[in-house]
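Structural overview for review
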Amino acid sequence: MKNRLETKILLLIIIVLILGFGTYVVVSISNQSNALIEQNREKSMLFGQTIMVGIRNVMLSGKASYARTFVNDARDSLKSGTLKVYDREANEVFQEEGKGIIKSTGDPNVRRAIETQGEVMAMAPSEATGPVFTRLEPLLNDKECQQCHGGNHSVRGVTWVTLKPELMNALGNGSINENFFQIQSEVSEIVCNTLAASFRNIMVSGEGPLMDTLINRTSALPFIERIQVYDRFGDLHFGLEKNIQKPEVILAAFSKAQPVEIVDKPHGFLTRLIPLRNEERCQVCHDPKNPWRGVMAVTLRAAHLQRNVDSLKKQLTMMLQASVGVGFRSIMLVGKGSYVRSFINDVRTIPAVRDLRVFDREGNERFVDRPMEEYGKSFARKALAAKQVIETKEIVDGEEYFVRFSPLINDKRCQGCHGTDHSVRGVVEVAASMAEINATIRRSKIYSLITGALTIVLVWLVLRVFMKRVVVHPIGNIGDVAQKVGEGDFSVSANVRSGDEIGDLASRINEMIVGLRERFHLQKFVSQQTVDAVRRSDVMGVKLGGERKTATVFFSDVRGFTSFSEKVEPERVVTMLNSILSRQTAIVKKYGGDIDKFVGDEMVAVFQGDTMVHRAVECAAEIQQTMSQVTSTAGEDVGIGIGINTGEMVMGAMGSEDRMDFTVIGDAVNLGARLCSAAKRGQILISENSARYLHGSTSLQLVKLEAIRVKGKEQPIEIFEVRPHA
């Protein structure tokens with residue numbers, strides 16, 4: 001009670017404080033927060049504009065390959081944010097290094113390849129398309145690599161290659177000899193596509209003059225006869241001047257717009273001419289008006305391919321892995337390691353490749369091709385479509401960022417390389433962390449909350465000191481009194497002396513306690529049925545009348561009490577009678593009966609319910625057993641006679657409007673009284689109607705007596721005596 005009242009008053013004070021200076025504090029914090037957010041927005045805008053100007057100038061300088069380096073440097077300078085660049089298809093370019101790493105993969109095959117410095121072949125359980133072969137090959141730390149990687153370790157990492165098992169489905173049908181040329185063609189396509197991917201990334205990196213690094217390393221592969229690169233006029237640019245392809249053959253590859261295969265069966269060679277499309281990223285150096293920029297010619301020693309199914313699968317996996325390794329090393333050696341990710345992703349798109357993974361010497365997986373968040377991608381698309389800046393907020397790893405998507409306009413000076421068929425060539429995303437700003441806002445809020453809390457504490461102390469005596473203690477006293485009254489103690493009263501509303505409440509509580517005390521004692525003089533009738537009544541009170549019910553009446557009368565009362569003092573008589581009736585009352589309540597009335601030394605009780613007769617008879621038997629204690633006190637002449645009858649009777653309020661009694665009347669009640677009169681000392685008589693309800697009783701036995709005549713009945717009444725089993 002005390003805490004609840006204090007809480008209500010405290011809440012009222014808090015509301016007043018909030019409506020007062022609390023509103024001013026909230027408005028001040030809001031204005032400060034908006035100013036800080038606007039500051040952060042301007043910082044993001046300036047940084048984004050700087051990045052776009054930098055990218056344009058790098059591209060216009062003819063050094064497009066340095067755009068990646070510029071973006072990475074910008075990321076390093078952006079200490080509390082992120083920078084992303086999207087192309088006009090909303091795909092991210094210049095992915096941030098270090099974001100695609102999975103720490104400690106724990107694969108035992110990777111660890112084994114590093115420790116043994118040798119290849120590891122693993123075969124997974126067969127799928128519907130066939131068994132899955134995986135080959136792991138260590139990337140050795142050669143002398144030429146130690147300039148960047150150091151010389152304290154012999155292995156730099158591991159490549160993991162898995163081909164799609166459905167690629168060799170035809171082999172399982174025993175048709176390898178018939179389709180061997182097709183297999184050779186597929187092998188040539190896989191190897192050539194891998195080498196073409198490495199060629200493209202070295203060229204895009206701006207290190208085309210160092211292409212001999214790739215050419216020489218590729219030529220050293222045991223399954224490669226030679227590799228050459230021609231320009232779009234058919235002139236040789238890279239590779240040995242041996243067995244040069246004729247210009248018309250090169251031009252045929254352009255006209256067909258697809259690879260051309262040349263078979264040299266006498267020598268067992270298969271040459272594949274791959275036209276190199278003039279992509280948008282290539283047009284910085286190449287004329288954008290021509291769709292082709294050259295042809296790569298790769299001659300494969302096809303005769304070395306084995307015709308055994310399992311051996312061919314392993315050999316093809318090895319060839320692909322060797323081609324990946326050559327491309328990987330070549331890109332690293334030309335000093336453009338940042339383009340390795342692009343190369344790995346290009347190889348992953350080759351249809352025959354199921355899985356390509358790269359691990360460092362610590363077992364961490366690198367160049368993980370993580371899917372780009374759809375959140376940023378969707379806003380990039382919106383910026384491309386709207387051709388205007390889009391600003392939003394984003395939650396990354398629990399930290400809030402202010403994100404700005406700015407479109408890169410395809411200006412006239414850019415159209416020389418990017419063409420004129422589009423007005424926007426990309427989007428720059430700058431995400432500035434809101435951590436510092438949010439921390440400042442949180443500090444302001446905390447200081448305000450502390451000030452408010454101290455004010456509330458002071459107000460609360462005042463309430464505790466000055467209102468405790470006036471409100472809390474008096475109400476607490478009234479509450480304690482109400483609790484004791486609820487527990488049945490009507491001797492208490494509220495001790496409040498104040499002349500205010502609380503004192504008036506205490507006086508009314510005391511008056512109520514007096515009324516409850518009177519009502520409590522008054523209930524002792526009426527039956528439980530009377531109390532229940534009062535509870536069921538409405539505001540008009542209990543009305544005269546009754547209803548017909550089937551019940552069991554129980555009459556008990558003290559035998560020998562009259563002669564006993566003539567011999568002893570009246571006080572002792574009353575004490576003796578109260579003792580007998582109290583014992584009987586307790587037993588009747590124990591068995592679910594209701595005391596209807598006491599008439600001198602006679603008691604009338606009513607039992608209702610499905611087991612009413614059983615309970616009434618059990619009650620009577622226990623009353624007779626307890627009479628031995630009374631007999632030892634009052635003498636052998638005192639005993640109890642009990643009569644029980646069951647039947648229909650009227651139950652309700654009888655009397656007048658001013659004085660009534662809730663009781664039972666009827667012929668069944670009268671018969672119960674007659675049976676009690678006929679019962680001798682220690683005897684229990686029940687009617688035939690009651691006996692019907694006792695079928696199957698095991699604790700008592702019924703003994704049929706001679707029929708008796710009673711007043712009001714023309715025919716003799718069949719009766720039974722209840723006795724315990726012998």
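This structure is a prediction, so every number in the text was calculated from the model and none was measured. Position numbers for residues start from 1 in each chain and track the written sequence from start to end. It should be noted that, the model being predicted, local features are given only for residues of pLDDT at least 70 and side-chain atom pairs only at 80 or more, the latter also being counted only at that level, while totals for whole chains, interfaces and linings use all residues. To get the side-chain values, all heavy atoms of the structure are used, and hydrogens and water are removed first.

What follows concerns the overall build of the protein chain. Labels follow the DSSP assignment, with helices taken as runs of H or I lasting at least four residues and strands as runs of E lasting at least two, numbered in each case from the N terminus. Counting its regular elements, the protein chain contains 20 helices and 23 strands. Split into buried and exposed, the 726 residues of the protein chain put 45% on the buried side. Accessible area is worked out with a 1.4 Å probe on protein chains only. A residue is then buried under 20% of its type maximum, exposed over 50%, and partly exposed in between.

Moving on, we come to the sheet that holds strand β6 (residues 224–231). Two modes of strand pairing occur in sheets, parallel and antiparallel, and in both the strands are linked by backbone hydrogen bonds. In this description, strands pair whenever DSSP reports at least two bridges between them. Strand order in the open sheet formed by 5 strands is β7-β6-β10-β9-β8, with antiparallel pairing between adjacent strands. Because the sheet does not close on itself, it has two edges, and the strands there are β7 (236–238) and β8 (260–264). Going across the sheet, the axis of each strand differs from the next one's by a mean of 25 degrees, ignoring polarity. Two elements, β8 and strand β9 (residues 269–277), share 5 bridges in a ladder whose sense is antiparallel. By the bridge assignment for β9, Ile262 is matched with Thr271. Throughout, a residue-residue contact means that at least one pair of heavy atoms, one from each residue, lies within 4.5 Å. Orientation is described by lines fitted to C-alpha atoms, with helices fitted over the stretch in contact, and by angles between N-to-C directions that extend from 0 to 180 degrees. Taken strand by strand, helix α7 (residues 247–256) contacts β6, β8, β9 and β10 (292–301), and its axis lies near 110 degrees from that of β10.

Further remarks concern helix α19 (residues 667–678). For α19, which comprises 12 residues, the first-to-last C-alpha distance of 17 Å matches the rise-based estimate of 16 Å (1.5 Å per residue) to within 8%. Those residues of α19 that fall on the buried side of the exposure criterion are Ala668, Val669, Leu671, Gly672, Ala673, Leu675 and Cys676. Every helix has an expected span of 1.5 Å times one less than the residues it contains.

Further remarks concern the packing of aromatic side chains. Only the six-membered ring of Trp is used, alongside the rings of Phe and Tyr, when aromatic pairs are assigned; centres must lie within 6.5 Å, and planes under 30 degrees apart are stacked while those over 60 apart are edge-to-face, with the rest tilted. Applying the stated criterion across every chain, the model contains 4 aromatic pairs. Centroid distance Trp160 to Phe359: 5.9 Å. Interplanar angle 45 degrees. Geometry classified as tilted. Remark: Phe359 occurs in strand β11 (residues 353–360) and Trp160 occurs in strand β5 (residues 155–163); sequence separation between them is 199 residues. With a relative accessible area of 10%, Trp160 lands in the buried category. Aromatic side chains Phe254 and Trp292 sit 6.0 Å apart centroid to centroid with 20 degrees between the ring planes, which places their arrangement in the stacked category. Here the residue Phe254 occupies a position in helix α7, and Trp292 occupies one in strand β10, the gap between them amounting to 38 residues. Taken individually, Phe254 and Trp292 each receive the classification buried, so the pair is uniform in this respect. Here the basic side chain of Arg357 rests over the ring of Trp160, its NZ or CZ set 4.5 Å away from the ring centre. The rule for a charge over a ring is simple: NZ of Lys or CZ of Arg within 6 Å of the ring centre, and within 35 degrees of the ring normal.

Surface patches are drawn from residues lacking salt bridges whose relative accessible area is over 30%; two like charges belong together within 9 Å, two nonpolar side chains (Val, Leu, Ile, Met, Phe, Trp, Tyr) within 5 Å. Here, Shrake-Rupley sampling with a 1.4 Å probe gives the accessible areas, and only protein chains in the shown set may cover a residue. Any carboxyl oxygen of Asp or Glu within 4 Å of a side-chain nitrogen of Lys or Arg constitutes a salt bridge here. On the surface, a cluster of nonpolar side chains totalling about 430 Å² of accessible area is made up of Ile446, Tyr447, Ile450 and Leu454. For Tyr447, the position within the fold is in helix α12 (residues 435–466).

What follows covers the pattern of salt bridges. Across all of its chains, the model carries 11 salt bridges by this definition. Between Lys590 and Glu622 there is a salt bridge; the shortest N-O distance is 3.1 Å. Within this pair, whereas Lys590 is found in helix α17 (residues 570–590), its partner Glu622 is found in helix α18 (residues 612–634), the two being separated by 32 residues in sequence. With a shortest N-O distance of 2.5 Å, Lys713 and Asp667 are connected by a salt bridge. Here Lys713, found in the loop between β22 (700–704) and β23 (719–724), pairs with Asp667, found in helix α19; they are 46 residues apart in sequence, far enough to count as distant.

Attention now moves to unusual backbone geometry. Phi is positive for Gln117, which is not a glycine, with a value near 55 degrees. In this fold, Gln117 is placed in the loop between α3 (108–116) and β3 (120–127). A positive phi angle is found at Asn243, which is not glycine, with a value near 55 degrees. If you trace the backbone, Asn243 turns up in the loop between β7 and α7.

Further remarks concern the confidence of the model for the protein chain. pLDDT gives the predictor's per-residue confidence on a scale running from 0 to 100. Of all residues in the protein chain, 77% have pLDDT values of 70 or greater, and the mean over the chain is 76. Strand β21 (residues 684–687) holds the highest mean pLDDT among the elements of the protein chain, 92, whereas helix α15 (residues 528–536) holds the lowest, 55.

With respect to the secondary-structure elements, Ile202 resides in helix α5 (residues 180–204). The residues contacting Ile202, other than those within four sequence positions of it, are Glu207, Gly208, Met211, Leu214, Ser330 and Ile331.

With respect to the helices, strands and loops of the structure, Thr162 is situated in strand β5. Judged by its relative accessible area of 3%, Thr162 falls in the buried class. The definition of a polar contact used here is a pair of N or O atoms within 3.5 Å, where within protein one atom must be able to donate a hydrogen and the other to accept one, and adjacent residues in sequence count solely through side-chain atom pairs. Within the local environment of Thr162, its side chain forms a polar contact with the side chain of Thr134, the two groups lying 2.8 Å apart. A polar side-chain atom of Thr162 sits 3.3 Å from a polar atom in the side chain of Trp160. Excluding anything up to four places from it in sequence, Thr162 contacts Val132, Phe133, Thr134, Val353, Arg354 and Asp355.

A word on the environment of Arg357. Note on placement: Arg357 falls in strand β11. Sequence separation between Arg357 and Val161 is 196 residues; the distance between their C-alpha atoms is 6.7 Å.

As a further point, take the side chain of Thr585. Locating Thr585 in the fold gives a position in helix α17. Among residues more than four places away in sequence, those in contact with Thr585 are Ile595, Phe598 and Met603.

Note that Ser330 resides in helix α8 (residues 309–333). Each C-alpha atom, one on Ser330 and one on Ser198, is 7.9 Å from the other, the two residues being 132 residues apart in sequence. Ignoring anything within four residues of it in the chain, the contact list for Ser330 reads Ile202, Thr213, Leu214 and Arg217. There is a polar contact of 2.7 Å between the side chain of Ser330 and the backbone oxygen of Val326.

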